[in-house]
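# Coordinate analysis (summary)
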Amino acid sequence: MSTIPFLNFEPMHKLIRSEIMQSFQDVYDANWFIMGKKTEAFEKEYAAFTNTKYSVGVSNGLDALHLSLKALGVLKGEEVIVPSNTYIATALAVSYVGANPVFVEPDVNTYNINPANIEAAITSKTKVIMPVHLYGQACDMDAIMAIAKKHNLYVVEDNAQAHGATFNGKITGSFGNANGTSFYPGKNLGALGDAGAVSTNDESIAKKISILRNYGSEKKYHNEEIGFNMRLDEVQAGFLSVKLKYLNEWTNQRKEIAKQYYEALKNIGDIVLPTVNTNATHVYHLYVIKTNFRDDLQKYLSENRVGTLIHYPIPPHLQKAYSYLGYKKGDFPLAEELANKSLSLPIWPGMTKNEVIYVCEIISNYFRKHL
């Protein structure tokens, strides 16, 4: 068996090569590269996909979250509740508007933010709850929305990892007041560079974000606000329109690969496999296992030509960037446990059954030798 990388774009990109090249040629020949027809078309397509009224294309996922908070009027000194085990971008978006991230521990089974822990974190300064649909599984949005309504708070979904996931039949990116997503190349719906979007059902929020992303301007040279240069370019918008047509097919492939992992790795060593909430669906942006032997297992897999990654080795509260908040080791034990024990296995559309079998055999061999 040749090397199995953590992520392989080739099967996806080989399938759509001619459409991608045609899309690029369309933009090249039109000589219009920013805020044009491709962007407008993708915004409509992505809004339809997320079952929302509006979608605004922006430069990347972090900017999508930043602009969402900005459009909702989050101010310096206010607080935004975020998961303790998220990627740093979620917290950074909060910092960009001058607010403070307030970390809440995840559910021990799903690893998504635990609604049962949210209310204890709410203060008079709380403005927003920002759930992250981690690894591709939808959060318990019914409970989160109920808490937000009770306390008169906004909700901003971080939907970067869960394109197409649902909770009680409703798609992620359609619950919150404004919902940011990333189209970083490795995402389930990935551009060929940086890109992002905000989805919303609120016309005023969509308009505000459209203005903020474009220098605070709705009409050229007329600047209504102190805005940003955070626009989605035409080339990436065109590529995303091509890829969006294949997303459901690619998601089904991810689910099939996950099913193979579940079957082959159950009862192997001390591995804890992903748990899916009965009301949620999982689109398997990542297939994350947990084991006390994480680092040694990762080394063994690498020695046997299998690529893996750790999502994420240092939780936000222990990052140097957030040392000013005064947290220490032990303050968020579940987030720290996940950082120390989680390992993401290879998963991508086009990954073959034999490749999955090989990965599982190497893992099984490791535990036969070490337990």
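Our structure's up above, just so we're on the same page.
All residue numbers refer to positions counted from 1 along the written sequence of the respective chain. Totals for whole chains, interfaces and linings use all residues, but because this is a predicted model, local features are given only for residues with pLDDT of at least 70 and pairs of side-chain atoms are given and counted only at 80 or more. Excluded from the side-chain calculation are hydrogens and water; included are all heavy atoms of the structure.

### Quick word on the pairing of strand S2 (residues 79-83)
Rules: For every residue, the accessible area (1.4 Å probe, protein chains only) is compared with the maximum for its type, and the residue is labelled buried under 20%, exposed over 50%, or partly exposed between those bounds. Only DSSP runs of H or I reaching four residues or more are called helices, and only runs of E reaching two or more are called strands; each is numbered from the N terminus. One bridge is not enough; two strands pair if DSSP finds at least two bridges between them.
Within S2, 5 of the 5 residues are buried, which leaves it mostly tucked inside the rest of the structure. Examined bridge by bridge, S2 and strand S4 (residues 126-129) share 3 bridges and lie parallel to one another. Along S4, the bridge assignment pairs Glu-79 with Thr-126.

### Some remarks on the pattern of salt bridges
Inclusion rule: Whenever a carboxyl oxygen of Asp or Glu lies within 4 Å of a side-chain nitrogen of Lys or Arg, that contact is scored as a salt bridge.
Overall, the coordinates contain 12 salt bridges when judged by the stated rule. Between Glu-119 and Lys-150 there is a salt bridge, with the nearest N and O atoms lying 3.1 Å from each other. Pair noted here: Glu-119 is in the loop between helix H5 (115-118) and S4 and Lys-150 is in helix H6 (residues 141-150), with a separation of 31 residues, a long-range link. The partly exposed category is assigned to Glu-119, whose relative accessible area is 33%. A salt bridge links Lys-266 to Glu-263; the shortest N-O distance between them is 3.4 Å. Within this structure, Lys-290, Glu-337 and Lys-341 form a network of salt bridges that share partners.

### Regarding unusual backbone geometry
Cis peptide bonds are those with omega within 30 degrees of zero, and the linkage from His-311 to Tyr-312 qualifies with 5°. Note on placement: Tyr-312 falls in the loop between helix H10 (294-303) and helix H11 (333-341). Phi is positive for Tyr-111, which is not a glycine, with a value near 75°. Positionally, Tyr-111 belongs in the loop between strand S3 (100-104) and H5.

### Observations concerning the packing of aromatic side chains
Quick note on the threshold: Only Phe, Tyr and Trp rings are paired, with Trp represented by its six-membered ring, and only when their centres lie within 6.5 Å; those with planes under 30 degrees apart are stacked, over 60 edge-to-face, the remainder tilted.
For the coordinates displayed, the defined rule picks out 19 aromatic pairs. Considering the side-chain rings of Tyr-246 and Trp-250, the 5.6 Å spacing of their centres and the 20° angle between planes classify their relative orientation as stacked. Its relative accessible area of 16% is what places Tyr-246 among the buried residues. With a relative accessible area of 3%, Trp-250 lands in the buried category. A ring pair is formed by Tyr-327 and Phe-332, whose centres lie 5.1 Å apart and whose planes are at 70°; its orientation type is edge-to-face. For Tyr-327, a relative accessible area of 28% puts it in the partly exposed group. On the basis of relative accessible area, Phe-332 is assigned to the buried category, the value being 9%. Cluster of aromatic residues (ring-pair linked, three or more members): Phe-42, Tyr-46, Phe-49 and Phe-183.

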